[in-house]
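One-letter residues, chain by chain:
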Amino acid sequence: MTERLYRNDPYLVSFTARILEVEPRGDRLAVVLDRTAFYPTSGGQPHDRGALGDGAVVEVVEVVDEEARVLHLVERDEASAGLRAGRPVAGRIDWERRFDHMQQHCGQHLLSAAALRLWEAGTTSFHLGGESCTIDLAIPSLTEEQIHRTEDLANRVVWEDRPVIARIVSEAELAALSLRKAPSVTSDVRIVEVKDFDWSPCGGTHPQNTGEVGVIAVLGWERYKGGTRLEFVCGRRVLLHHRELRTYIGELVRSLSVAPADLGRSVAALQQFQAAQASELKAQREQLAAYRARELWAGAERLREGQQPLRLVVHRLEGTHPDALRALAAKLSGLPGTVAALGVPGSDGKAQVVLTRSPELGELHCGELMKSLAARFDGRGGGSPAQAQGGFPAGRLDEVLEAARTQLRGALPPLA
Ligand SMILES: [Zn+2]
């Protein structure tokens, strides 16, 4: 049985105790004391951290609530070997972490109480995370104005600096209290009261006055399992969050040279501009591809003349976007009696190759041809009968294109 010192004095940082048991727990050791200031994970509040021992300090990495006992988990090493049953030991909790949990947990009570008072929205769950906290409210949705009013009420109670009283109540007293939620235990119910505002059964650690919560800020809210999930932070976390935002927004404000209030408009204008540029670029690429295709076609090798002319285009592009390669291929295949092998070396050491043909040249299968090129030149690729794409080592691009030229000539012999 461990006496829980944090219940009566959440401000107790160091204490002395006697070691009752030390037992293996997986890779670690579980140390049981006759009394402890370490809060074990329970009721949505994470465990404390800290250390045991006077000289050789043993770090407490986790604290577990196990019925009547509190287990202090420590690594199994030379230092922890000194922790033996029957010996006295000093303990010290990490106060910064504990106080942060007190701020978050008390802030949660206030936010939950405010949501219940204003919107009759009960709290179905609470999570105190490393970065932020959440509560799930039994209400399908909340407007921004409702969120603001909930924050305002909870913060007003913070700034009124009301006493927070934690005590075990008798059954008779319990029946007379207007509890925010039903207790999960039947005897020795501990009530955390925020003077004249909230009465909640809770085993957690809370500051003695609401003012120590500092401030409560909702970060966001969303629909969740038919209710509403609120993400929030309290106390020092609000300051940390503000600093983070100041950095992010500062970067944006500097790079866009606008006031913070104009960021939204400025980004929307940039997006619009960018979309217009992209469509302009696309049109220009198309136009350029059409010109280039005509030019290449005019200078192409003539495999056949007469009624069914056939021209072979083999071309290496430089410094061109793969989109431009595809656009050029599309334009070439739209010209009569044309087969083309196009390639472009990329900056990543790979070259892209496209094979294409006019629709009427059904006897030529570009996909099959690309596969055979890929097999010969260490590449990958394939495609449809009308068009195929492949990737090759950039250093072999010229060889690939020459091989494509020979194969295409062979596949489409000139008419006798
Ligand atoms: Zn609580």
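What counts and how
- Residues numbered from 1 in each chain as written.
- Predicted model: local features only at pLDDT ≥ 70, side-chain atom pairs only at ≥ 80, totals over all residues.
- Heavy atoms only, no water.
- Helix = DSSP H or I, 4+ residues; strand = E, 2+ residues; numbered from the N terminus.
- Rg over C-alpha atoms; globule rule 2.2 N^0.38 Å.
- Contact = heavy atoms within 4.5 Å.
- Lys, Arg positive; Asp, Glu negative; His and termini not counted.
- Charge placed at Lys NZ, Arg CZ, Asp CG, Glu CD.
- Pairing = 2+ DSSP bridges.
- Axes fitted to C-alpha atoms, helices over the stretch in contact; angles between N-to-C directions.
- Patch = residues over 30% accessible without salt bridge, like charges linked within 9 Å, V, L, I, M, F, W, Y side chains within 5 Å.
- Areas by Shrake-Rupley, 256 points an atom, 1.4 Å probe, with all protein chains shown as cover.
- Salt bridge = Lys/Arg side-chain N within 4 Å of Asp/Glu carboxyl O.
- Buried < 20%, exposed > 50% of the residue type's maximum accessible area, 1.4 Å probe, protein only.
- Domains from an automatic or database assignment.
- Donors = N, O, S within 2.8 Å, 3.2 Å for Na, K, Ca; no water.
- Core = buried A, V, L, I, M, F, W, Y, C linked by side-chain atoms within 4.5 Å.

(A) Fine view of the overall build of the chain. Within the chain, the regular secondary structure consists of nine helices and 21 strands. Taking 22 Å as the expected radius of gyration for a compact globule of 416 residues, we find that the chain reaches 36 Å, considerably beyond that expectation. For the C-alpha atoms alone, the extent of the chain along its principal axes is close to 110 × 55 × 40 Å. In the chain, once contacts between residues fewer than 6 apart in sequence are set aside, the share between residues at least 24 apart is 60%. Between the averaged position of the 50 positive side-chain charges in the chain and that of its 55 negative side-chain charges there is a distance of 5 Å.

(B) The arrangement of the sheet that holds strand 7 (residues 69-75) in detail. Within the closed barrel, the six strands sit side by side as 2-3-7-6-5-8. Their pairing is antiparallel. Along the sheet, successive strands turn relative to each other by an average axial angle of 45°, direction set aside.

(C) Representation of the sheet that holds strand 20 (residues 380-383) within the structure. Taken in spatial order, the six strands line up as 16-17-18-19-21-20 in an open sheet, and their pairing is mixed. With one partner strand each, in any of the chains shown, strand 16 (301-304) and strand 20 form the two edges of the open sheet. Within the sheet, the average angular offset between the axes of one strand and its neighbour, ignoring direction, is 15°. Here strand 20 runs beside strand 21 (residues 387-393); their pairing, made up of four bridges, is antiparallel. The residue bridging Gly-382 from the neighbouring strand is Gln-389, located in strand 21. Those strands touched by helix 8 (residues 366-376) are strand 19 (350-357), strand 20 and strand 21, and its axis lies near 10° from that of strand 21.

(D) Summary view of a nonpolar patch on the surface. Together, Leu-245, Tyr-248 and Ile-249 line one region of the surface with nonpolar side chains, adding up to about 260 Å² of accessible area. Note on placement: Ile-249 falls in helix 5 (residues 236-256).

(E) Expanded view of unusual backbone geometry. For Glu-120, which is not a glycine, the phi torsion comes out positive at approximately 55°. Position of Glu-120 among the secondary structure elements: in the loop between helix 2 (95-119) and strand 9 (123-128). In this structure, Ser-257 is a non-glycine residue whose phi angle is positive, near 55°. Taking relative accessible area as the criterion, Ser-257 reaches 63% and is therefore assigned exposed.

(F) Highlighting the domain arrangement of the chain. On domain assignment, one finds that the chain holds domain 1 (3-93), domain 2 (99-249) and domain 3 (282-411). Here domain 1 and domain 3 have C-alpha centroids that lie 73 Å from each other.

(G) Spatial organisation of the pairing of strand 9. Bridge analysis of strand 9 against strand 10 (residues 133-137) gives five bridges, and the strand direction is antiparallel. Within strand 10, the residue paired with His-127 across the bridge is Thr-134. Connecting the antiparallel pair strand 9 and strand 10 is a turn made up of four residues.

(H) Just the environment of Asp-77, in detail. Following the sequence through the fold, Asp-77 ends up in the loop between strand 7 and strand 8 (88-93). Through-space distance from the C-alpha of Asp-77 to that of His-47 is 22 Å; in sequence the pair is 30 residues apart.

(I) Molecular detail of the coordination of the zinc ion. Coordination of the zinc ion by the protein comes from His-105 (NE2), His-109 (NE2) and Cys-202 (SG), over a distance range of 2.0 to 2.3 Å. Counting residues between consecutive donors of the zinc ion along the chain gives the motif H-x3-H-x92-C. Taken together, the positions of His-105 and His-109, both in helix 2 and four residues apart, correspond to about one turn of that helix. Accessibility expressed as a relative area gives 2% for His-105, which makes it buried. With a relative accessible area of 2%, His-109 lands in the buried category.

(J) Geometry of the nonpolar core. Leu-110, Leu-111, Leu-137, Ile-216, Leu-230 and Phe-232 are the most contacted members of the largest nonpolar core, which totals 31 residues. Looking at this core, the elements that each hand over two or more residues are helix 2, strand 9, strand 10, helix 3 (144-159), strand 12 (190-194), strand 14 (216-224) and strand 15 (227-234). Residue contributions to this core peak at seven residues, all from helix 2. Grouped together as the second largest cluster of nonpolar side chains are 26 residues, Leu-355, Leu-364, Cys-366 and Leu-401 included.

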